[in-house]
Number of protein chains: 4
Amino acid sequence: MARVRSPEKRAAILDAAVYEIAASGLGAATAKIAQRAGIASGTLFTYFPTKEELLNELYLELKSEVYARMDASFPHRASLEQRVRHVWTSYLDWSIEFSKKRKVSVQLHVSDVITTETHRKATAMRGAIDTTLSELENRRSLEGLPAGLAMAMMGAMQDATIEFIARQPKQRRQIIEGAFDVFWRAMR
Amino acid sequence: MARVRSPEKRAAILDAAVYEIAASGLGAATAKIAQRAGIASGTLFTYFPTKEELLNELYLELKSEVYARMDASFPHRASLEQRVRHVWTSYLDWSIEFSKKRKVSVQLHVSDVITTETHRKATAMRGAIDTTLSELENRRSLEGLPAGLAMAMMGAMQDATIEFIARQPKQRRQIIEGAFDVFWRAMR
Amino acid sequence: MARVRSPEKRAAILDAAVYEIAASGLGAATAKIAQRAGIASGTLFTYFPTKEELLNELYLELKSEVYARMDASFPHRASLEQRVRHVWTSYLDWSIEFSKKRKVSVQLHVSDVITTETHRKATAMRGAIDTTLSELENRRSLEGLPAGLAMAMMGAMQDATIEFIARQPKQRRQIIEGAFDVFWRAMR
Amino acid sequence: MARVRSPEKRAAILDAAVYEIAASGLGAATAKIAQRAGIASGTLFTYFPTKEELLNELYLELKSEVYARMDASFPHRASLEQRVRHVWTSYLDWSIEFSKKRKVSVQLHVSDVITTETHRKATAMRGAIDTTLSELENRRSLEGLPAGLAMAMMGAMQDATIEFIARQPKQRRQIIEGAFDVFWRAMR
DNA sequence: GATGAATGAGGTTTCATTCAT
DNA sequence: TATGAATGAAACCTCATTCAT
């Protein structure tokens, strides 16, 4: 049996990628990523055959991390509002705690490197959230609007909110709550 | 120093940049942009000293184009709702008509090439919209929330809406109106 | 030090090398050769310490195969013409049957990887053929010409012939015979 | 008007390519070729878009050089034998004088980088030689053999001859003449 | 002995920018 | 001013070989 591919190294590469991409954009050099991950430049390619694949995997990793976070303490039996509020809050908390990760996630989302297949996989990862969000969409207030719009709007409104929290970190809790109220009003 | 000789060439370069960046991302080669603009590769640098400046100017150009569009038929004396609805609708119309421009605008916004100075200039361009939007923000419903959040939310919600229109172009009008209702409910 | 454990594996590597080199030239990756041979990339180097050695061994293997083929049914007691014709025909038959092997053999011959030592060994392998060919060279018609020229010319003329057979495979026998007549005329 | 692509540089690249390929095979680095040609590594690609194109152009250049050499003092009114002898001798002279060029030409010919299109162009370059060679092929002695075989055989026999001249350069003239006699006997 | 992950030099090609023409 | 050839620093990726397992 030869040396075995180490999950630690894989994780180190993805971590390094977040750091470098946050700093230099998607053009970040694979060599720099490898260096920061503490491996030889060529080694990166035993874990990800091309840069493109690395980026796609990174996207999935980031998405899965947020979803895991939301699922963790999900209040399955709470009221719809409570559940939606949980999604709202936990995503914003994650976004602020790991702002580089969020930044990279957005860059990837906007770019053309993420394949439809990857987008599909990412969507499939939404566990408890999906149930909650679709419950939300069935409300009268969103009648006649395309499925998925509620979720998309939530994401969009969260993204808008984040920038303001970044500028006034001390008012974090207040902004998060206040913005949720705005969102919730829209959904009623 | 970018002494501008022919406004036509300048415009041609910006147009070409939109096309190429929409196709290949911000990494689009200046040489390709020049070629598409029908000029020699070196000439581009007579109009824009560096690629970075080109991108910043492009961003301003795109922003100014949207704002001009909104200002054009702005219903200055209409009700607040009517005026906000105008902003909402005219932006979405522009986004759909010039989807490449919007795509590029988003890419630029997310990336790090746009300087704070450029962002400042872009903000300063909002004419009639600004008055309307700040009127909106002064409402009780947004009390306690940071200034600018309403505008940011509108932008974010529009971006979310656009993707759904792209997927169901025939329901365009209905989605635009429905989504506005959602937005307006949030603002009340 | 290439302690040979399994002759089957060794043979598999050489076979795989023929295939890959025929497809991609001498630049064929050792890893691909190993893969096709059904072994791990590192194992290849247990059998051949360097790629260069592999290529040299491969050259000898191919040469020895042709010579073995010629020796197999060699008409030791036939007339000189009959014996030479046997060499001519059996080489061409082999070349057509194993065209990849011939192609690789030529590539190796032309390149600089084959050492003089290997060339020497290859020459030493010519068994019955050598006797026949030197008999041919002693004829008056080749007087004053360097030793070995007859054999070289035969090889050259065969190589020229092969391409025509490849293009008109149905006339194979006729071309082989006709070309031999041309060659034989040259030798008389 | 910008700087103009200089034929001298193009020639320098091709010359450098001959030198480097003769030394290291077709794997010769484009950077090394550029360096030897006295230009920046990137400049090479303004003259030849890819290495493959460079190699194809190089092949044509070498072929055209030989053919030009043969055409130069071609004895159009001499006997067939005299004309064929001219082709024979002038090619061998060129091969010996520019042995690196010949070596590279052979490497290219054997490899797979030369496209069929290039081969076609190369064939089309044979001027006076073609007329003479086809006259040769119409002789009774080659009846029933594929068109082009005579020319191919001549090439092959010349190649065989060259190696012997390389080993005994002092007997050059004698070997050239002797080998031609052998060839001519084959053609009668 | 067999495996395949790890290495890092080296390969081709691209690109923003400069500058001779 | 306009041109596009020239530059050389990266960029991504491949590969022969080593060596821990």
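Model, not experiment: these values are computed from the prediction.

A. Highlighting the overall build of chain A. When you go through chain A residue by residue, the secondary structure sums to 10 helices and 0 strands. Helices and strands in chain A line up, N terminus first, as α-α-α-α-α-α-α-α-α-α. Dimensions of chain A along its principal axes, counting C-alpha atoms only, are 55 × 35 × 30 Å. For chain A, with 188 residues in total, the buried portion stands at 47%. Sequence-distant contacts, at least 24 apart, represent 71% of the contacts inside chain A between residues at least 6 apart. Distance between charge centroids for chain A: 4 Å, based on 27 positive and 22 negative side chains.

B. Broad picture of the interface of chain D and chain C. Opposite the 35 residues of chain D that make contact, chain C presents 35 residues. Summing both sides of the interface, chain D and chain C together bury roughly 2600 Å²; the carbon and sulfur share of this comes to 68%. Counting the surface chain D buries against chain C, the share from its top three residues, Met153, Phe164 and Arg185 of chain D, is 21%. Where chain D packs against chain C, one counts 2 salt bridges.

C. Broad picture of the relation of the copies chain A and chain B. Of the two same-sequence chains, chain A is brought onto chain B (RMSD 0.1 Å, axial shift 0.1 Å) by a rotation of 180°. Overall, the copies show the geometry of a two-fold rotation axis. Scanning chain A for the C-alpha nearest the rotation axis identifies Ala186 of chain A, at a separation of 2.0 Å. Both copies contact each other with a shared surface, as 100% of the interface residues of chain A are interface residues in chain B too.

D. The arrangement of helix H1 (residues 7-24) of chain A in detail. All names here are of chain A. Along its 18 residues, H1 runs 25 Å from first to last C-alpha, staying within 8% of the 26 Å computed at 1.5 Å per residue. Among the structural elements, helix H2 (30-37), helix H3 (44-47), helix H4 (51-72) and helix H6 (99-110) are those in contact with the buried residues of H1. Following H1 by one or two positions, Gly25 has its phi on the positive side, about 85°.

E. Expanded view of the side chain of Arg185 of chain D. Counting through the fold element by element, Arg185 of chain D comes out in helix H10 (residues 172-187). An unpaired buried charge is present at Arg185 of chain D: no salt bridge exists, and Asp181 of chain D, the closest side chain of opposite charge, is 6.0 Å distant. From its side chain, Arg185 of chain D meets the backbone oxygen of Arg188 of chain C in a polar contact 3.1 Å long.

F. Up close: the environment of Arg36 of chain D. Residues and elements named next belong to chain D. Topologically, Arg36 is positioned in helix H2 (residues 30-37). In this structure the C-alpha to C-alpha distance between Arg36 and Ala17, which are 19 residues apart in sequence, comes to 8.4 Å. Excluding its chain neighbours within four sequence positions, the residues that come into contact with Arg36 are Ala16, Tyr19 and Glu20.

G. Here's a closer look at the packing of helix H5 (residues 80-97) of chain C against helix H10 (residues 172-187) of chain C. Residue and element names in this part refer to chain C. Direction vectors running N to C along H5 and H10 enclose 135°, while the axes themselves pass 11 Å from each other. In terms of orientation, H5 and H10 fall into the oblique class. When the axes of H5 and H10 are compared, the crossing they make is right-handed. Touching Leu80, Glu81, Val84, Arg85, Trp88, Thr89, Leu92, Asp93 and Ile96 of H5 are Arg172, Arg173, Ile176, Glu177, Ala179, Phe180, Asp181, Phe183 and Trp184, all from H10. Grouping the amino acids of the contact of H5 with H10 by side-chain chemistry returns 10 nonpolar, 1 polar and 7 charged.

H. Geometry of the interface of chain A and chain B. In this assembly, 35 residues from chain A lie in contact with 35 residues from chain B. Across the chain A/chain B interface, buried area totals approximately 2600 Å², and carbon plus sulfur atoms make up 68% of it. Inspection of the chain A/chain B interface yields 2 salt bridges. A salt bridge links Asp112 of chain A to Lys103 of chain B, with the shortest nitrogen-to-oxygen separation between them at 3.1 Å. Along the contact surface separating chain A from chain B lie 9 residue pairs in polar contact (both at pLDDT 80 or more). Those elements that provide at least two residues to the side of chain A that touches chain B are H1, H6, helix H9 (149-167) and helix H10 (172-187) of chain A. Here the residues of the side of chain A that touches chain B are counted per class, giving 20 nonpolar, 10 polar and 5 charged.

I. Structural context of the relation of the copies chain D and chain C. Rotating chain D by 180° and translating it 0.0 Å along the rotation axis places it on chain C, where the RMSD comes to 0.1 Å. Taken as a fraction of all interface residues of chain D, those also at the interface in chain C reach 100%, which identifies the copy contact as same-surface.

J. Up close: the pattern of salt bridges. Enumeration according to the criterion identifies 56 salt bridges over all chains in this entry. One salt bridge connects Arg102 of chain A with Asp159 of chain A, and the closest N-O pair in it is separated by 2.7 Å. With a gap of 57 residues between them, Arg102 of chain A in helix H6 and Asp159 of chain A in helix H9 connect regions that are remote in the sequence. Residue class for Arg102 of chain A comes out buried when judged on its relative accessible area of 13%. For Asp159 of chain A, a relative accessible area of 27% puts it in the partly exposed group. Residue Asp130 of chain C is joined to Arg126 of chain C by a salt bridge in which the shortest nitrogen-to-oxygen separation is 2.9 Å. Connected through salt bridges with shared partners, the residues Arg10, Glu57 and Glu61 of chain A form a single ionic network.

The rules behind the values
- Residues numbered from 1 in each chain as written.
- Chains lettered and ligands numbered in written order.
- Predicted model: local features only at pLDDT ≥ 70, side-chain atom pairs only at ≥ 80, totals over all residues.
- Heavy atoms only, no water.
- Helix = DSSP H or I, 4+ residues; strand = E, 2+ residues; numbered from the N terminus.
- Buried < 20%, exposed > 50% of the residue type's maximum accessible area, 1.4 Å probe, protein only.
- Contact = heavy atoms within 4.5 Å.
- Lys, Arg positive; Asp, Glu negative; His and termini not counted.
- Charge placed at Lys NZ, Arg CZ, Asp CG, Glu CD.
- Buried area = accessible area lost by both parts, 1.4 Å probe.
- Salt bridge = Lys/Arg side-chain N within 4 Å of Asp/Glu carboxyl O.
- Least-squares fit on C-alpha atoms with pLDDT ≥ 70 in both.
- Expected span 1.5 Å × (residues − 1).
- Polar contact = N/O pair within 3.5 Å; in protein donor to acceptor, adjacent residues only side chain to side chain.
- Axes fitted to C-alpha atoms, helices over the stretch in contact; angles between N-to-C directions.
- Parallel < 35°, antiparallel > 145°, perpendicular 65-115°, else oblique.
- Left-handed = near helix turned anticlockwise from the far one by under 90°.
- Nonpolar A, V, L, I, M, F, W, Y, C, P; charged D, E, K, R; others polar.

All quantities given are derived from atomic positions and should not be read as evidence of function.
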